[in-house]
Amino acid sequence: MSVIRHADARRTETPNAVMTTCASPTQGGTGLAVWRVEMESACTGPRHAMDTEQVWTFLTGSAVVELDGEELLLGAGDTLVLPADAPRRLRSDEGFTAVVASPAPSTAHNLDTGDRVTPPWIA
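How each quantity is defined
Residues numbered from 1 in each chain as written. Predicted model: local features only at pLDDT ≥ 70, side-chain atom pairs only at ≥ 80, totals over all residues. Heavy atoms only, no water. Helix = DSSP H or I, 4+ residues; strand = E, 2+ residues; numbered from the N terminus. Rg over C-alpha atoms; globule rule 2.2 N^0.38 Å. Buried < 20%, exposed > 50% of the residue type's maximum accessible area, 1.4 Å probe, protein only. Contact = heavy atoms within 4.5 Å. Areas by Shrake-Rupley, 256 points an atom, 1.4 Å probe, with all protein chains shown as cover. Lys, Arg positive; Asp, Glu negative; His and termini not counted. Charge placed at Lys NZ, Arg CZ, Asp CG, Glu CD. Pairing = 2+ DSSP bridges. Phe/Tyr/Trp six-rings, centres within 6.5 Å; stacked < 30°, edge-to-face > 60°. Polar contact = N/O pair within 3.5 Å; in protein donor to acceptor, adjacent residues only side chain to side chain.

Further remarks concern the overall build of the protein. Check the secondary structure of the protein and you find zero helices and 12 strands. Starting at the N terminus, the α and β elements of the protein follow one another as β-β-β-β-β-β-β-β-β-β-β-β. A globule of 123 residues ought to have a C-alpha radius of gyration of about 14 Å, and the protein, at 14 Å, matches this closely. Each principal axis of the C-alpha atoms in the protein carries an extent, and together these give about 40 × 30 × 25 Å. Split into buried and exposed, the 123 residues of the protein put 38% on the buried side. In the protein, of all internal contacts separated by at least 6 residues, the share reaching a separation of at least 24 is 62%. Summing over all exposed atoms, the protein offers an accessible surface of approximately 6600 Å²; the carbon and sulfur share of this is 52%. Here the protein contributes 9 positively and 16 negatively charged side chains, and the mean placements of these two sets differ by 5 Å.

Across the seven residues of strand β2 (residues 17–23), five count as buried, placing the element largely inside the fold. As defined by bridge partners, strand β1 (residues 10–13) adjoins β2 across four bridges and the pair is classed as antiparallel. Bridge pairing in β2 links R11 to T20. Where β1 folds back on β2, the antiparallel hairpin that results is connected by three residues. When β2 meets strand β3 (residues 32–39), the two strands line up antiparallel, connected through six bridges.

In total, this model carries three aromatic pairs according to the counting rule given. Look at W56 and F58: their rings are 6.1 Å apart centre to centre, the planes differ by 25 degrees, and that puts the pair in the stacked class. For the pair formed by W56 and F58, the shared burial category is buried. Three or more aromatic residues joined by ring pairs make a cluster, and in this case those are W56, F58 and F96.

Our focus in this paragraph is the environment of H109. In this fold, H109 is placed in strand β11 (residues 108–110). A distance of 3.5 Å separates the side chain of H109 from the side chain of R116, its partner in a polar contact.

Without other data, these values stay purely geometric and don't point to any function.
Structure (structure tokens):
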């Protein structure tokens, strides 16, 4: 059993959001990563795909998720299961907070640049 204290949570800032890792393999977990996403208002994330399924539960605010050519509006209390390898982009006019879980590790593929990375909040 592992306890990850709030003070020890890993925090990663990107131009579009702040991710706070709640649990991951490098923090004593096994094969699951859980993190909190906080996106400010008027932000849009990159167009990308993940090689694993993700489950997003929105706690506050709202977002539009462009998923494989479809636009989905999600708000507080909504949960979205994003399939592996599906092109996606998140944007928010008002900002949002969500909790996300996925198998770990996983790799992100930026569909505009071709870059592939393991996001640090999932490792």
